[in-house]
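# Structural overview for review
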Amino acid sequence: MEKKLGLPKSMKDVITHYCPGCGHGVIHRILAEVIDELGIKEITIGIAPVGCAVLAYDYLDMDMAEAPHGRTPAVATGIKRVQPDKIVFTYQGDGDLAAIGTGEIVHTAARGENITTIFVNNAVYGMTGGQMAPTTLLKQKTDTTPFGREAKYAGFPIRVPEMLKSLEGTVYLARETVISPKNIITLKKYIRKAFDTQIKKMGFSLVEVLSPCPTNMKLSPIQSYDWVAKNMVPYYPLGEIKDLTK
Amino acid sequence: METKILISGNEALGEAAVQAGCKAYFGYPITPQNELTAYMSRRMLEENRVFVQAESELAAINMVLGAAASGVRTMTTSSSPGISLMQEGLSYMAGDELPCVVANIARGGPGLGNIAGSQSDYFQSVKGGGHGDYNLIVIAPATVQEMFDFTFTAFNLADKYRTPVIILADGYLGQMMEPAILQKKEITNFPKNWALTGAKGRKPNVINSMYLAEGALEKHNQKLQEKFRKIKKELCLVEEISTVDAEVILIAYGTASRICKSVARKLREKNIRAGLIRPITLWPFPTETIKQSASHAKFFLTIEMSAGQMVEDVRLAVEDKVPVYFYGRMGGGIPEEEKIIEIIEAKL
Ligand SMILES: Cc1ncc(C[n+]2csc(CCOP(=O)(O)OP(=O)(O)O)c2C)c(N)n1
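Residues numbered from 1 in each chain as written. Chains lettered and ligands numbered in written order. Predicted model: local features only at pLDDT ≥ 70, side-chain atom pairs only at ≥ 80, totals over all residues. Heavy atoms only, no water.

### Quick look at the overall build of chain B
This is how the line gets drawn: Numbering of helices and strands runs from the N terminus, with a helix taken as a DSSP run of H or I at least four residues long and a strand as a DSSP run of E at least two residues long. The atom set for the radius of gyration is the C-alpha atoms, and the globule formula is 2.2 Å times the number of residues raised to the power 0.38. With a 1.4 Å probe rolled over the protein chains alone, any residue whose accessible area is under 20% of its type maximum counts as buried; one over 50% counts as exposed, and the rest are partly exposed.
When helices and strands are tallied, chain B shows 13 helices and 15 strands. Its C-alpha radius of gyration of 20 Å places chain B within 12% of the 20 Å reference for a compact globule of 348 residues. Along the first, second and third principal axes, the C-alpha set of chain B runs to 70 × 50 × 40 Å. For chain B, the proportion of its 348 residues judged to be buried stands at 60%.

### Overview of empty space enclosed by the protein
Residues and elements named next belong to chain B. Definition in use: A cavity here means a set of points on a 1 Å grid, drawn over the protein atoms and nothing else, where a 1.4 Å probe fits but cannot get out; a pocket is an open set with protein on both sides within 12 Å along at least five of seven lines, and a residue lines either one if it has an atom within 4 Å of a point. Grid points are joined across faces, edges and corners, and a volume is the space filled by probe spheres set on the points. Residues are grouped as follows: Ala, Val, Leu, Ile, Met, Phe, Trp, Tyr, Cys and Pro are nonpolar; Asp, Glu, Lys and Arg are charged; all remaining types, including Gly, are polar.
For the coordinates displayed, the defined rule picks out two cavities of 30 Å³ or more. The leading source of residues in the lining of the largest cavity is strand S7 (residues 164-170), at three residues. Tallied by class, residues from the lining of the largest cavity come to six nonpolar, four polar and two charged. Considering only enclosed or pocket space, the second largest cavity measures out at about 40 Å³ in volume. Taken together, Val72, Arg73, Thr74, Pro99, Cys100, Phe155, Ala158, Asp159 and Lys192 make up the lining of the second largest cavity. The greatest single-element share of the lining of the second largest cavity, amounting to three residues, is contributed by helix H7 (residues 144-161). Tallied by class, the residues present in the lining of the second largest cavity amount to five nonpolar, one polar and three charged.

### Quick look at the interface of chain A and chain B
Accessible area lost upon the coming together of the parts serves often as the stated size of an interface. Basically, it comes down to this: We call two residues in contact whenever any of their non-hydrogen atoms come within 4.5 Å of each other. Here the quantity called buried area is the total loss of accessible area, with a 1.4 Å probe, experienced by two parts when brought into contact, counted for both. By definition, a salt bridge exists where a carboxyl oxygen of Asp or Glu is found within 4 Å of a side-chain nitrogen of Lys or Arg. As used in this structure description, the phrase polar contact means that two N or O atoms lie within 3.5 Å; if the pair is within protein, one of them must be able to donate a hydrogen and the other to accept it, and residues adjacent in sequence are counted only when both atoms belong to side chains.
Contact with chain A, which involves 31 residues of that partner, is made by 36 residues of chain B. In total, about 2,500 Å² of surface goes out of reach between chain A and chain B, with carbon and sulfur atoms giving 61% of it. Counting the surface chain A buries against chain B, the share from its top three residues, A:Glu42, A:Asp63 and A:Glu66, is 25%. For the pair chain A and chain B, the interface holds three salt bridges. Its salt-bridge partner being B:Arg202, residue A:Asp63 comes within 2.6 Å of it at the nearest N-O pair. On inspection of chain A and its partner chain B, the count reaches 15 residue pairs in polar contact (both at pLDDT 80 or more). Taken together, the elements giving at least two residues each to the side of chain A that touches chain B come down to strand S1 (44-48), strand S2 (63-66), helix H3 (72-82) and helix H5 (102-110) of chain A. Among the elements that line the side of chain A that touches chain B, the one with the most residues is H3(A), at seven residues. Of the residues in the side of chain A that touches chain B, the class split is 15 nonpolar, seven polar and nine charged.

### Brief notes about the packing of aromatic side chains
All names here are of chain B. The test is simple: Stacked, tilted and edge-to-face are the three classes applied to pairs of Phe, Tyr and Trp rings, where Trp contributes its six-membered ring and a pair requires centres within 6.5 Å; stacked means planes under 30 degrees apart, edge-to-face means over 60, and tilted covers the rest. Consider the ring centre and the ring normal. A charge sits over the ring if Lys NZ or Arg CZ is within 6 Å of that centre and within 35 degrees of that normal.
Counted according to the given criterion, the structure contains nine aromatic pairs over all chains. Aromatic side chains Phe299 and Tyr325 sit 5.3 Å apart centroid to centroid with 70° between the ring planes, which places their arrangement in the edge-to-face category. With Phe299 in strand S14 (residues 299-304) and Tyr325 in strand S15 (residues 324-328), this residue pair connects regions lying 26 residues apart in the sequence. The class for Phe299 is buried, based on a relative accessible area of 4%. Cluster of aromatic residues (ring-pair linked, three or more members): Tyr122, Phe123 and Tyr253. Here the basic side chain of Lys347 rests over the ring of Tyr325, its NZ or CZ set 4.2 Å away from the ring centre.

Here it is, written out as structure tokens:
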């Protein structure tokens with residue numbers, strides 16, 4: 001039996017600019033499906049980051065703002081504070097969230113802002129051509145770690161949900177990946193739970209998504225999925241890292 | 001309330017923002033404007049509005065961006081180093097065409113400088129300040145009463161033109177206490193159908209400053225420049241004192257203009273025909289007013305609490321028709337009346 005999925009209502013019928021095999025497109029779709037299923041499209045406001053997902057507002061069919069690089073959670077705070085009954089999410093890459101915008105994400109979480117963050121960890125700076133990200137793995141070669149990331153010079157990769165876990169303002173923190181249908185189903189469950197957390201006005205929620213970047217990993221799409229499974233998943237364990245929703 | 005009360009410039013500005021309908025205030029502590037943030041932390045909660053002490057000025061200006069994108073009146077205040085950190089956000093807001101009010105209770109620089117009042121942020125304020133082609137409306141009060149009154153003007157203009165408006169005061173004006181009447185001024189409302197409020201029964205709204213298609217960014221810039229030209233045509237606030245017959249014209253704004261007002265009076269007592277032009281909007285700059293006075297003045301003397309920043313705009317306006325001299329003090333120094341009089345007498 002064949003089942004056609006069609007386009008979620010919350011997505012525009014356009015072709016995205018993402019590279020073949022990139023995780024952003026899948027994550028957009030899951031996000032749109034969750035927003036459809038929760039029936040919140042008309043009260044949702046999204047904030048696109050600076051990074052490969054900068055054009056998210058061209059693909060997601062809802063009110064959206066652009067934020068300066070890393071300031072995404074601050075823009076979300078401004079929107080949510082004056083419109084507490086709207087659903088507000090940020091969509092951020094690892095450079096946006098865990099390097100230039102570390103201050104903003106930590107303090108937005110610490111304040112317990114009632115927003116949801118979708119955090120896309122592809123272990124590189126995608127948009128600028130594959131430089132080291134704060135989540136680049138040790139030994140991983142990037143444009144700016146040509147001999148592989150060495151802790152001695154470049155420190156250690158950051159596990160964001162684990163870092164935010166100790167903050168009392170955080171309510172729901174989880175990590176999944178998009179490398180298999182099974183993972184995608186779980187990811188969707190987590191994203192839904194994160195939005196539910198916000199709908200119930202419980203506080204800050206974040207879902208990290210391990211996402212392949214074949215172009216900058218210099219691998220084929222399929223190889224890049226294997227690379228995520230073999231290298232990222234062991235360092236970034238999947239699952240619900242904090243769940244105070246029960 | 002018609003009664004005069006004794007109040008600091010910082011608090012008068014804060015009270016005006018509340019009365020002008022500021023729905024969300026975001027700030028980060030910095031001297032010499034701390035009383036303002038503290039005032040807002042109390043008043044905004046009393047009024048059931050939004051107050052957030054941000055983790056930095058970077059965050060504060062971007063919270064302002066979010067609140068402005070939501071369509072409400074919003075403000076942040078800071079002093080020079082904090083305003084430097086806000087420049088990226090202000091550039092975005094200029095590109096996004098988002099209204100907000102930012103007060104700079106300026107202090108001495110460069111770097112950490114000191115906490116005394118200064119006018120050395122003139123260039124940063126009137127020449128754009130961040131990256132890209134844009135200008136912000138800049139209003140310079142000179143009294144505590146004007147700290148109150150011009151805050152209404154700032155909010156109205158921000159909404160009218162969909163642009164950030166800077167109130168450029170200095171630490172002396174912020175800290176100084178003077179009698180003022182805190183009577184609510186007129187508020188003009190403009191429709192904000194571009195705001196992000198959830199796309200219910202309409203197409204989604206997007207607030208962004210990025211234009212990638214070929215020629216699109218130039219087109220966007222042309223639209224912005226058209227707006228800046230319109231503002232220049234429609235807006236110019238300036239005070240002129242005894243300039244009609246003046247042979248000597250002082251030019252100063254803010255705190256420096258208070259000193260020059262007294263200098264001009266003293267010179268008249270000495271039978272020297274002196275006048276004062278006080279720019280109130282620093283952008284748009286009162287170029288025409290200055291140009292007209294250049295036809296009868298012997299010379300101009302620009303007085304600033306800086307190394308000489310506004311004087312460049314004065315020279316552009318005067319077009320070398322008569323000399324434009326400059327005297328300024330830096331790092332929190334205040335130009336002295338006797339010194340100004342001495343310079344003028346020597347030049348005559
Ligand atoms: C202030 C500032 N610094 C640097 C940049 C350049 N820049 C654009 S995207 C980006 C990295 C984005 O990487 P990431 O957040 O990991 O997202 P990805 O592109 O991988 O999805 C950088 C450094 C910028 N636009 N603004």
